[in-house]
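Topology and contacts: notes
Chain by chain, the residues run as shown.
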Amino acid sequence: MDNAGTVRIQYPDLIGTERGRDLPTEVFDSLTGGVHFCRAVYYTTTRGGTLDGEHSLADGLPDVAFHPDRSTLAPLPWLPGYRSCLGDMLDPVTGLPIGECPRAALKQVLRRLEHHDYHPVVGPELEFFVLTNSDGRWRPYDTSPGNVYRVGHRGDPDGLATELLTTLSRAELNVTAVNHEFAAGQFEVNLAHSDALDAADRAFRFKHAVREIVARRGLTATFVGKPFNDEGGSGFHLHLSLRDADGNNLFDAPTQPAGLSPLARHAVGGLLRHAPALCALLAPTVNAYRRLGPDTLAPALADWGLDNRSTMVRIPPERGAATRLEIRLGDAAAVPHLVIAAVLAAVALGIEDRVEPPDPTSGYGYDGRSRPALPRTLDAALDALAADTAFVDALGKDLVAAFDRIKRDETERFRRWVTDWELHEYLPHL
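Residues numbered from 1 in each chain as written. Predicted model: local features only at pLDDT ≥ 70, side-chain atom pairs only at ≥ 80, totals over all residues. Heavy atoms only, no water.

1. A word on the pattern of salt bridges
One pass over the structure, following the stated rule, counts 27 salt bridges. Asp88 is the partner of Arg103 in a salt bridge, and the nearest nitrogen-oxygen pair spans 3.0 Å. With Arg103 in helix 2 (residues 102–114) and Asp88 in strand 6 (residues 82–90), this residue pair connects regions lying 15 residues apart in the sequence. A residue is classified by how much of its surface remains accessible, and Arg103, at 1% relative accessible area, is buried. Between Arg314 and Asp307 there is a salt bridge, with its nearest N and O atoms 2.7 Å apart. (Salt bridge = Lys/Arg side-chain N within 4 Å of Asp/Glu carboxyl O. Helix = DSSP H or I, 4+ residues; strand = E, 2+ residues; numbered from the N terminus. Buried < 20%, exposed > 50% of the residue type's maximum accessible area, 1.4 Å probe, protein only.)

Written as structure tokens, this is what we have:
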């Protein structure tokens, strides 16, 4: 046992916010049961309201018990003496995982795949903006354009990328690369490929870490998908392969078309078949649909392509042990455990149903005449999710019901809100 003085227990809610509590190490080490929280945290909106219904107000705001997964203990290097620990949410009466828990949903999908001896390997890539706020206005921390993939002082005058790489590595997040992205003040960080649960845990911890590191400089990091009208958006790309128990890549097939196995094709088929429902989990905000569309390098159609960054599913050019899919649909604001659980649920269904995808898209993939369009609003994506019963069953009905409840409230509140666009568009003329 080391001499760390505090353990920060953390878990994801359904809107992408980390929740938790700080415990003295001696208290954490002596835990024999769970740490209780109010279950209504899963029905708490971004504005702090609590939604009515089962497991919330209607049930008298019952408890849920956090049970630590001590294998996730890792240092928080920006807080000397602190460690982080993730865990699972259980019903304090039955001891079973609650339906709203994103980590439990991912474990459920993993059991389904592992029953067939399929072991997912996942590599997350996340983009985000670093912002300043003066006079109540949010601006990129550096406004100089044209610095895509640059490293060094240009586009990053305060050396944020260097600090992020160093600090995130000390946090045991297995960062493989940091770079400036397309837009001013935008960065991308790649995390190492690992088993799916570990990758989700690290992506969740990563988002919290970036916000904390940047905040200590008086800046704000945001994973909102499209924070500015005149800039590109921030994605959550996912690299995925399946291995057998011996570690062999099951997507690799040198003698098959494009070097892809039938299993890989069926995985692609599942992702395309369930793409409308996937949108609800991977693009889970009203704002996320500002990012998706033609000429954005984010997808607009349910399509796939060979080394084609304009498609929803891209097959990178490497083969052999590196054969994989890149799912480019995800919005950076999405919940990592839900992103990976949803993608793997669609993959599992595609494989089980032997879904054959259409021919891969060639060229610039925004021709809506050739492939089905993705939902254009969160409401439409939620409708598609509710209608996709096989996908809902794979993720868990209770999880989807809770997610739908909080997201329907979000879209309804948005419909009632007077936007800046309306004021700019109408006030001078009407």
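Further notes follow.
2. Points about the layout of surface pockets
In this model, the largest pocket occupies a volume close to 2,000 Å³. Considering the residues around the largest pocket, the lining is formed by 42 residues, among which Val224, Lys226, Pro227, Asn287 and Phe414 are closest to the centre. Those elements that provide at least two residues to the lining of the largest pocket are strand 8 (137–140), helix 4 (196–215), strand 12 (220–222), helix 11 (397–415) and helix 12 (420–426). Partitioning the lining of the largest pocket into residue classes produces 16 nonpolar, 13 polar and 13 charged. Counting the residues that make up the lining of the largest pocket, at least three belong to each of domain 1 (6–98) and domain 2 (108–416). Approximately 570 Å³ is the volume attributed to the second largest pocket. Considering the residues around the second largest pocket, the lining is formed by 31 residues, among which Glu127, Glu181, His237, Leu297 and Arg328 are closest to the centre. Among the elements that make up the lining of the second largest pocket, the one with the highest residue count is strand 10 (residues 186–191) (three residues). Here the residues of the lining of the second largest pocket sort into six nonpolar, 10 polar and 15 charged. (1 Å grid on protein atoms, 1.4 Å probe; cavity = no way out; pocket = protein on both sides within 12 Å on 5 of 7 lines; lining within 4 Å. Points joined across faces, edges and corners; volume = space filled by probe spheres on them. Nonpolar A, V, L, I, M, F, W, Y, C, P; charged D, E, K, R; others polar. Domains from an automatic or database assignment.)

3. Examining the nonpolar core
Phe128, Leu168, Phe206, Leu271, Leu278, Leu281 and Phe391 are the most contacted members of the largest nonpolar core, which totals 121 residues. Counting residues domain by domain, this core receives three or more from each of domain 1 (6–98) and domain 2 (108–416). Setting aside chain neighbours within four positions, we find Phe391 in contact with His274, Ala277, Leu278, Leu281, Ala342, Ala345, Ala346, Leu349 and Leu385. (Core = buried A, V, L, I, M, F, W, Y, C linked by side-chain atoms within 4.5 Å. Contact = heavy atoms within 4.5 Å.)

4. Section: the packing of helix 6 (residues 275–282) against helix 8 (residues 336–352)
Taken N-terminus to C-terminus, the directions of helix 6 and helix 8 make an angle of 170°; their axes are 9 Å apart at the nearest point. Taken together, helix 6 and helix 8 sit at an angle that is classed as roughly antiparallel. Residue-level inspection shows Leu278, Leu281 and Leu282 of helix 6 in contact with helix 8, the latter providing Leu338, Val339, Ala342, Val343 and Ala346. Here the residues of the contact of helix 6 with helix 8 are counted per class, giving eight nonpolar, no polar and no charged. (Axes fitted to C-alpha atoms, helices over the stretch in contact; angles between N-to-C directions. Parallel < 35°, antiparallel > 145°, perpendicular 65-115°, else oblique.)

5. A closer look at unusual backbone geometry
With phi around 55°, Asp135 is a residue other than glycine that occupies positive phi space. Summarising the element assignment, Asp135 is placed in the loop between strand 7 (119–134) and strand 8. Using a relative accessible area of 74% as the deciding quantity, one classes Asp135 as exposed. The phi dihedral of Ala258 is positive, around 60°, even though this residue is not glycine. The topology assignment puts Ala258 in the loop between strand 13 (236–243) and helix 5 (262–273). Overall, the relative accessible area of 38% leaves Ala258 in the partly exposed class.

6. Looking at empty space enclosed by the protein
Scanning all chains against the criterion turns up one cavity of 30 Å³ or more. Each pocket or cavity is described by its volume, and for the largest cavity that value is around 30 Å³. In this structure, the largest cavity is lined by Gln10, Leu76, Trp78, Ala171, Leu173, Arg205, His208 and Ala209. The leading source of residues in the lining of the largest cavity is helix 4, at three residues. For the lining of the largest cavity, the class distribution of residues is five nonpolar, two polar and one charged. Residue-level mapping places the lining of the largest cavity at the junction of two domains, with at least three residues from each of domain 1 (6–98) and domain 2 (108–416).

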